[in-house]
Amino acid sequence: MNRFMRILVFFDLPVKTKPERRVATQFRNFLLKDGYHMLQFSIYARTCNGTDAVEKHKTRLYNSLPDNGSIRMLVITEKQYQSIEILVGNLKEETDTSFAYEQLTLL
């Protein structure tokens, strides 16, 4: 029996120079084309149907790693992912801008 799992990718890539920004953009574009969606600026996630799909996307990720920077991958079950909480602090109108987020629902 396959069960749904999530791959979370966390990354910190250098972006000081134009070539570094290009590499970071290429990596983000790879993630988007491979079915990941952005949770936060440097955190992307995708759903996989079972461990075979996880291994396939893990291999793709390894083959697309930039030469420099820090990339982390975490695999969790869909049930574990469902326990995620979105925490938003109190906004101060004079200094903070409003925060909007998009919620993903799987049926």
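In what follows, the accompanying structure is described. For every chain, the first residue of the written sequence is number 1, and numbering continues from 1 along that sequence. With pLDDT at 70 or above as the cut-off, local features in this predicted model cover only qualifying residues; side-chain atom pairs require 80 or more to be listed or tallied, and sums for whole chains, interfaces and linings still use all residues. Each side-chain value is worked out from all heavy atoms of the structure, with water and hydrogens disregarded.

## A closer look at the packing of aromatic side chains
- Only Phe, Tyr and Trp rings are paired, with Trp represented by its six-membered ring, and only when their centres lie within 6.5 Å; those with planes under 30 degrees apart are stacked, over 60 edge-to-face, the remainder tilted. Inspection of every chain in the model, using the stated rule, returns three aromatic pairs.
- Between the aromatic rings of Phe-11 and Phe-27, the centroid separation amounts to 5.3 Å while the plane-to-plane angle is 85°, which identifies the pairing as edge-to-face. On the criterion of sequence distance, the pair formed by Phe-11 in strand S1 (residues 4-12) and Phe-27 in helix H1 (residues 18-33) is long-range, its members being 16 residues apart.
- What links up through ring pairs into an aromatic cluster is the set Phe-11, Phe-27, Phe-30 and Tyr-44.
- Criterion for a charge above a ring: Lys NZ or Arg CZ within 6 Å of the ring centre, and within 35 degrees of the ring normal. A cation sits over an aromatic face here: Arg-6 above Tyr-81, 3.9 Å from the ring centre. A helix here means a DSSP run of H or I that spans at least four residues, while a strand means a run of E at least two residues long, and both kinds are numbered starting from the N terminus.

## Examining the sheet that holds strand S4 (residues 70-77)
- Strand order in the open sheet formed by four strands is S2-S3-S1-S4, and the pairing between neighbours is antiparallel. The open sheet is flanked by strand S2 (37-40) and S4, the only strands paired with a single partner. Each strand of the sheet is rotated relative to its neighbour by a mean of 30°, with strand direction disregarded.
- Note: two strands are recorded as paired if DSSP finds a minimum of 2 bridges between them. Alignment of S1 against strand S3 (residues 43-49), held across seven bridges, turns out to be antiparallel. In the sheet register, Phe-10 faces S3, and the bridge partner there is Ile-43. Axis lines are fitted through C-alpha atoms, for helices just across the contact stretch, and the angle between N-to-C directions can take any value from 0 to 180 degrees.

## Topic: the nonpolar core
- The nonpolar core is taken to be a set of buried Ala, Val, Leu, Ile, Met, Phe, Trp, Tyr and Cys residues, with the residues joined through side-chain atoms within 4.5 Å. Remark: exposure states derive from per-residue accessible area (1.4 Å probe, protein chains only) relative to the maximum for the residue type, with buried under 20%, exposed over 50%, and partly exposed in between. Of all hydrophobic cores here, the largest spans 15 residues; its most connected members are Ile-7, Val-9, Phe-11, Phe-27, Leu-31, Tyr-36 and Leu-61.
- If you list the elements that add at least two residues to this core, you get S1, H1, S3 and helix H2 (51-63).
- We call two residues contacting when some pair of their heavy atoms lies within 4.5 Å. Not counting residues up to four positions away in its chain, the partners in contact with Leu-61 are Val-9, Phe-27, Phe-30, Leu-31 and Met-73.

## Focus on the environment of Arg-46
- Inspection of the secondary structure assignment puts Arg-46 in strand S3.
- Ignoring sequence-local partners within four residues, the contact set of Arg-46 consists of Met-5, Arg-6, Ile-7, Asp-34, Gly-35, Tyr-36 and His-57.
- Polar contacts, as used here, are pairs of N or O atoms within 3.5 Å; protein pairs need one atom able to donate a hydrogen and one able to accept it. Residues neighboring in sequence count only if both atoms are side-chain atoms. Here Asp-34 takes part through its backbone oxygen, which lies 2.2 Å from a polar atom of the side chain of Arg-46.

These figures come from the coordinates and say nothing about function on their own.
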